[in-house]
Amino acid sequence: MLQLALIALCSAETASAQSLQKVTSVTTSGGPTGLDSKANYLYLANFGSSSLETLDITNPESPVSKSTVSTTAFNRIRQVTVGGDRLYGTHFGTGSSSSSQLTGFSLQNPATPGAPAGTTITGNPLNVGASATVVCITTSTTSTPPVTYFQPFSPDLTPGAKVTLDAYQISKPAVNGNIAYVRDGSVLKVFDVSNPQQPILRQSTTGYIQAINGNKGYGVLNGVLQVYDLSTPEIPVAQGSVAIPSGTTLSDIAVSGTMVYGYFAASGGASSFTLQAFDVSNPASPTVKGTLTGTGTAYDIAGVGNYAYVLTDGSALQIFRYQNVAAATVASVAPASGSPGTTVTITGSEFTGATAVKFNGKDAASFTVISSNSITAVVPAGATTGPVTVTTPSGTASSSGSFVVTVAAISNNTIAGPSPDAFCGSGDPGVITGQVPGGDGTYTYQWQSSSDNTAFANLAGATAASYDPPTLSQTIYYRRTVSSGGQTSTSNTITVAVQPVLAGNSLTAPQPAVFTGPADPGVISGSQPTGGNNQYSYQWQSSADNSTFISIAGAVSQSYDPPLLSQTTYFRRLVVSGPVRHSISAIPLQ
């Protein structure tokens, strides 16, 4: 009985249009090795359970088991073929070449084939083909080397005359009315089997016919699928051809309407196969419409409508779908420009099933398929000017012009601080705060530093909005770059000053410096200091107790000339150079 077991779906999307897809894989329990079809039914030759199983494929992607007919009265059924309103099966003998059979089943009710009738055949059955008027088999002996025969039978399984073939071959006879096409080595033999008792060889020619539909025949030989005109059945005429995949070996094909499906085994015994769909609507120029690689060893194939059914080892019925999907087109994008976050409408055709929308290669932030002719999509952050593309099962369509991405200029790229921002000798400044800039909303930060305010270098790892400098022992300049939407902005520069320690701040008292009464002392000489930023400002201060000092108004020169004094007074000088402040011990004038 059929057991449904869905296996992972395979995508058929490729860089070019691809319209062949694996739909699913269905597990069967009877160990089938052959299959054929009629209308909406598949017939499985269950070699493992000696039965004929009928599947309803009204829903092509979900086969339903309708009936099972036992064939245990015969040997194990190996292959089946439909001819008119009958189905024929070959049964492989075990242990004796005389124990094989050919059976026939009525298909008056296609859902429930009738009980089989059979006849014994001599030799091991290799393949079987049939029409409404005749059924033909090829057999071989068990001798070494084996001898191969072709033999027609009437629909009631009355055996006809056997014809000895020249080569051992396992190809299926293709039957068209009363004409049978049999590959004998490298020769295509055409037999008239209107009287099965007297098959007549009408012609021997080159080629190979495996499947027939109307007055056309199809076969694979020497690396190509060949189409034949059978308007005169006895004289097949080669028409167009197309190459099959390289690195594969001849296997089997099935025809359905204007499509031919073929599976080709991988060379070297690999457990895989290549499935191809061919469009033969123009017999003079068949084309490959899809290619897929399948897993497992393929046993047989049937084509029904847009579907190919492949039997593989492991009791799997793999189902493939061909879709004649027209290529998508992109006619317009509106608006034709916008910033990230803008919603645009893409107008075109064949958008159903779209899997991707991209702006110059970057995936849209989101998109919605409104209809087969319309898609809305959101411009992603980081998008750049270029074409808009839409990917569907039939391929990728591109706009003829470019969508222009407009990005707001970066604004408010300013930095402030830190506090403190100046040190004497060394110091650890606070955080330099970076403002959130204006732009497209996606920002990349990079902090830079310089020792000369000219040559700036990136600071490793400094990519946040703000920055906390380390302890500094020299003056360093900082700035921030911001990138957004393809633009880059450089902030203002912050200086963290580190000045040398002040030195040389000494005073020389006037002479005399001691008086017996009120007196006007001379000038107190102040030395030229060093360090700092080499620019110095002075402030003289005085005190009556050498503890509390008060700045002297206007006393801002390097030296100082005190006024008339009537008491002991202490003087000192405060030196400021940038962030550096320095004062020395006071000197008394008494």
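Cut-off values and rules
Residues numbered from 1 in each chain as written. Predicted model: local features only at pLDDT ≥ 70, side-chain atom pairs only at ≥ 80, totals over all residues. Heavy atoms only, no water. Pairing = 2+ DSSP bridges. Helix = DSSP H or I, 4+ residues; strand = E, 2+ residues; numbered from the N terminus. Axes fitted to C-alpha atoms, helices over the stretch in contact; angles between N-to-C directions. Buried < 20%, exposed > 50% of the residue type's maximum accessible area, 1.4 Å probe, protein only. Polar contact = N/O pair within 3.5 Å; in protein donor to acceptor, adjacent residues only side chain to side chain. Contact = heavy atoms within 4.5 Å. Phe/Tyr/Trp six-rings, centres within 6.5 Å; stacked < 30°, edge-to-face > 60°. Lys NZ or Arg CZ within 6 Å of the ring centre and 35° of its normal. Core = buried A, V, L, I, M, F, W, Y, C linked by side-chain atoms within 4.5 Å. pLDDT = per-residue confidence, 0-100. Salt bridge = Lys/Arg side-chain N within 4 Å of Asp/Glu carboxyl O.

Enquirer: Which residues make up the sheet that holds strand β5 (residues 51-56), and what values do they have?
Expert: In space, the four strands of this open sheet follow the order β3-β4-β5-β6, with antiparallel pairing throughout. Among the strands making up the open sheet, the edge pair consists of β3 (32-38) and β6 (64-70). Adjacent strand axes in the sheet meet at a mean angle of 20° when their direction is disregarded. One ladder, built from six bridges, connects β3 with strand β4 (residues 41-46); its direction is antiparallel. Residue Pro 32 lies in a different strand from β4, and its bridge partner there is Asn 46.

Enquirer: Explain unusual backbone geometry to me, using residue names and the numbers behind them.
Expert: With an omega of -5°, the peptide bond between Thr 144 and Pro 145 qualifies as cis. Within the fold, Pro 145 resides in the loop between β12 (135-140) and β13 (148-153). Residue Pro 512 is bonded to the preceding Gln 511 through a cis peptide linkage, with omega at -5°. As for its position among the elements, Pro 512 is in the loop between β48 (507-508) and β49 (525-526). Its identity is not glycine, yet Asn 546 carries a phi of approximately 60°, on the positive side.

Enquirer: Let's hear about the side chain of Gln 541: which residues, and what values?
Expert: Considering the arrangement of structural elements, one finds Gln 541 in strand β50 (residues 537-543). Residue classification places Gln 541 among the buried residues on the basis of a relative accessible area of 11%. Of note is the side chain of Gln 541, whose polar atom sits 2.7 Å from the side chain of Arg 572. Every residue in contact with Gln 541, bar those within four places of it in the chain, is listed here: Phe 549, Ile 550, Ser 551, Ile 552, Tyr 570, Phe 571 and Arg 572.

Enquirer: If you had to explain the packing of aromatic side chains to someone new, which residues and values would you point to?
Expert: In this description, a pair of aromatic rings is defined by centroid distance and the angle of the planes. The final tally for this structure, using the stated rule, is ten aromatic pairs. With centroids separated by 4.7 Å and ring planes inclined at 20°, the aromatic side chains of Phe 150 and Phe 191 adopt a geometry described as stacked. Placement of the pair is Phe 150 in strand β13 and Phe 191 in strand β17 (residues 187-192), with a sequence separation of 41 residues. Like Phe 150, the residue Phe 191 is buried in the burial classification. A connected cluster of aromatic rings, assembled from ring pairs, spans Trp 447, Tyr 467 and Tyr 478. For Lys 162, the ring lying beneath its charged end belongs to Tyr 149, and the centroid distance is 4.1 Å. Across from the ring centre of Phe 549, 4.1 Å away, lies the NZ or CZ of Arg 572, which sits over that ring.

Enquirer: So what's going on with the sheet that holds strand β8 (residues 86-92)? Residues and values would help.
Expert: If you walk across this open sheet you meet the four strands as β7-β8-β9-β10, and the pairing is antiparallel. Two strands in the sheet have a free side with no partner beyond their single neighbour: β7 (76-83) and β10 (117-121). On average, each strand axis in the sheet is tilted by 20° relative to the strand beside it, whichever way the strands run. Sheet topology places β8 next to strand β9 (residues 100-106); six bridges connect them, and they run antiparallel. By the bridge assignment for β9, Tyr 88 is matched with Gly 104.

Enquirer: Could you give an account of the nonpolar core, with specific residues and numbers?
Expert: With 19 residues, the main nonpolar core has Val 344, Ile 346, Val 357, Phe 359, Val 390 and Phe 403 as its most contacted residues. Looking at this core, the elements that each hand over two or more residues are β30 (329-334), β32 (343-349), β33 (356-359), β36 (374-378) and β37 (388-392). One finds Leu 20, Ala 254, Met 259 and Leu 275 within the second-largest nonpolar core, a separate group that totals 15 residues.

Enquirer: How would you sum up the confidence of the model for the chain? Please name residues and give values.
Expert: When the pLDDT values of the chain are averaged, the result is 88; 92% of them are 70 or greater. Looking across the chain, the model is least confident in strand β1 (residues 2-3), with a mean pLDDT of 38, and most confident in β36, with 97. Counting interchain partners and residues more than four positions distant, the pLDDT-below-50 stretch residues 1-17 has 42 contacts.

Enquirer: Describe the pairing of strand β43 (residues 444-450), and please don't skip the residues or the numbers.
Expert: Most of β43 sits out of view: six of its seven residues are buried. Looking at chain direction, β43 and strand β45 (residues 476-484) are connected through seven bridges and run antiparallel. Looking across to β45, one finds that Thr 444 is bridged to Ser 483. In this antiparallel pair of consecutive strands, β43 and strand β44 (residues 457-458), the connection spans six residues, and Asn 453 shows a positive phi of 65°.

Enquirer: Break down the pairing of strand β24 (residues 259-266) for me, with residues and values.
Expert: Counted residue by residue, β24 has six buried out of eight residues, so it is predominantly covered. Judged from the seven bridges that link them, β24 and strand β25 (residues 272-279) form a sheet pairing that is antiparallel. In the strand pairing of β25, Phe 264 is matched with Thr 274.

Enquirer: Please set out the pattern of salt bridges residue by residue, giving values where relevant.
Expert: With the rule as written, the count across this model stands at five salt bridges. Where Arg 321 meets Glu 61, a salt bridge forms, and the shortest distance between an N and an O atom there is 2.4 Å. A residue pair is termed long-range when its members are at least 10 positions apart, and Arg 321 in strand β29 (residues 316-322) and Glu 61 in the loop between β5 and β6 qualify at 260 residues. Overall, the relative accessible area of 18% leaves Arg 321 in the buried class. For Glu 61, a relative accessible area of 25% translates into the label partly exposed. Of the charged contacts, one joins Lys 189 and Asp 166 as a salt bridge, the two residues approaching to 3.2 Å between their closest N and O atoms. Here Lys 189, found in strand β17, pairs with Asp 166, found in the loop between β14 (163-164) and β15 (174-176); they are 23 residues apart in sequence, far enough to count as distant. In this structure Asp 166 comes out as exposed when scored by relative accessible area, which is 68%. Through salt bridges that share partners, Asp 166, Asp 184 and Lys 189 make up one connected network.

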